[in-house]
Amino acid sequence: TGEVKAPNVPEGTTAIRLERSYGKFQRVFRLPVPINPDKVSASFKDGVLGIQLPVAEEVKGRPVKIEVR
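The rules behind each value
Residues numbered from 1 in each chain as written. Predicted model: local features only at pLDDT ≥ 70, side-chain atom pairs only at ≥ 80, totals over all residues. Heavy atoms only, no water. Helix = DSSP H or I, 4+ residues; strand = E, 2+ residues; numbered from the N terminus. Buried < 20%, exposed > 50% of the residue type's maximum accessible area, 1.4 Å probe, protein only.

### Section: unusual backbone geometry
Here is step 1 of the chain: Although it is not a glycine, Asp46 sits at a positive phi angle of roughly 55°.
Here is step 2 of the chain: Summarising the element assignment, Asp46 is placed in the loop between β3 (41–45) and β4 (48–52).
Here is step 3 of the chain: Overall, the relative accessible area of 73% leaves Asp46 in the exposed class.

### Structural notes on the environment of Ile16
Here is step 1 of the chain: By the secondary structure assignment, Ile16 is in the loop between β1 (2–4) and β2 (23–25).
Here is step 2 of the chain: A relative accessible area of 86% means that Ile16 is categorised as exposed.
Here is step 3 of the chain: Taking the C-alpha atoms as reference points, Ile16 and Phe29, 13 residues apart in sequence, are found 36 Å from one another.

In structure tokens, the structure reads:
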């Protein structure tokens, strides 16, 4: 969620065209597997937001022993 404020236009001037939109926004998406919310982390560097969402332990693959004859 976030908000972009409207630009400050000096009094007595009129903007003919604004190239950027402003107002509130929100981005929501569904994940295909459950995650572990206690281990979620995020970083913001050079204008890039990185989010790490570790898969919940109960979903991770478990080794299955198969007997070979």
